[in-house]
Amino acid sequence: MAVLLEVFERETNLSTEDNNLNFLLIDTMLDYILNFPQKCHHPIENSILKSLVRRDPEKGEIATIIVNEHEKLTNLIIQLADKIARVKLEDPLFREDLVNTVREYRELLLQHMQKEETIFFPAAEEALFQADWDIIETRMRDKGDPVFGREADRQYRALHKVIIEWGGK
Ligand SMILES: [Fe+2]
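Residues numbered from 1 in each chain as written. Predicted model: local features only at pLDDT ≥ 70, side-chain atom pairs only at ≥ 80, totals over all residues. Heavy atoms only, no water.

Caption draft 1: Molecular detail of the coordination of the iron ion. At the metal site, the iron ion is ligated by E45 (OE), H70 (NE2), H112 (NE2) and E116 (OE), and these contacts range over 2.0 to 2.2 Å. One way to put it: the four donor atoms around the iron ion meet at angles of 82 to 164°, and that makes the site irregular. Every donor residue of the iron ion comes from the same chain, spaced as E-x24-H-x41-H-x3-E. Of this pair, E45 sits in helix α2 (residues 23-55) while E116 sits in helix α4 (residues 93-127), and the two are 71 residues apart along the sequence. Here E116 falls in the buried class, since its relative accessible area comes to 4%. (Donors = N, O, S within 2.8 Å, 3.2 Å for Na, K, Ca; no water. Tetrahedral: all angles 85-135°; square planar, octahedral: opposite > 155°, others 65-115°. Helix = DSSP H or I, 4+ residues; strand = E, 2+ residues; numbered from the N terminus. Buried < 20%, exposed > 50% of the residue type's maximum accessible area, 1.4 Å probe, protein only.)

Caption draft 2: Representation of α2 within the structure. In this model, α2 (33 residues) spans 46 Å end to end at C-alpha, consistent with the 48 Å of a helix rising 1.5 Å per residue. At H41, α2 shows its maximal kink, close to 30°; a proline, P43, follows between one and four residues later. (Expected span 1.5 Å × (residues − 1). Bend = angle between axes of the 7 residues up to and from the residue.)

Caption draft 3: Fine view of the environment of E69. Here E69 lies in helix α3 (residues 60-88). Through-space distance from the C-alpha of E69 to that of H112 is 7.2 Å; in sequence the pair is 43 residues apart. If near-sequence neighbours (up to four positions away) are discounted, E69 is found in contact with L108, Q111, H112 and K115. (Contact = heavy atoms within 4.5 Å.)

Caption draft 4: Just the packing of aromatic side chains, in detail. Under the criterion given, the structure shown has one aromatic pair. A ring pair is formed by F120 and F121, whose centres lie 4.8 Å apart and whose planes are at 35°; its orientation type is tilted. Its relative accessible area of 1% is what places F120 among the buried residues. Overall, the relative accessible area of 27% leaves F121 in the partly exposed class. (Phe/Tyr/Trp six-rings, centres within 6.5 Å; stacked < 30°, edge-to-face > 60°.)

Caption draft 5: A look at the nonpolar core. One finds L5, F8, Y32, I33, L80, Y105 and I163 to be the most contacted residues of the largest nonpolar core, which totals 28 residues. Listing elements by their share of this core, those giving two or more residues are α1 (2-13), α2, α3, α4 and α6 (150-167). Sort the elements by how many residues they give to this core and α2 lands first, with eight residues. The residues contacting Y105, other than those within four sequence positions of it, are L5, I33, Q38, L73, L76, I77 and L80. Counting residues in hydrophobic clusters, the runner-up holds 12 residues, among them L52, I66, A123 and A124. (Core = buried A, V, L, I, M, F, W, Y, C linked by side-chain atoms within 4.5 Å.)

Listed below in structure tokens is the structure:
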């Protein structure tokens, strides 16, 4: 995600210098962000958070922070999609705005992921029982959403690889 967002920021930055944007690359990245972290990671993490608070109520505060950040990230992604659509319509007023929103999303997501890796995931690993993990996995499978499937997971990993190679050129 860190590399993908770097490519995203660099690509949208071109718009402020009056360059033509590679909308195919931008749309592909937006599709990835919309479908992978938004629909796949955040619901799983929210589910883990619920179990964590049940097992260890003292972790309620960090759980609230993480859930709020997921909501904030979702709002930013909606704004991003809207601004990309406006820049496509050649609305120059939104170019700077788009770059700022990408930067805001990137900064929030990076510090959010760090918080999860250093505080939330270790706390969940310590507090949850195997039965909790089994329930979380079953619940995710029961949703029937294609993005939770293993096939889709593979597809998004492949898409991620393409974006990184493409953007790296
Ligand atoms: Fe998260």
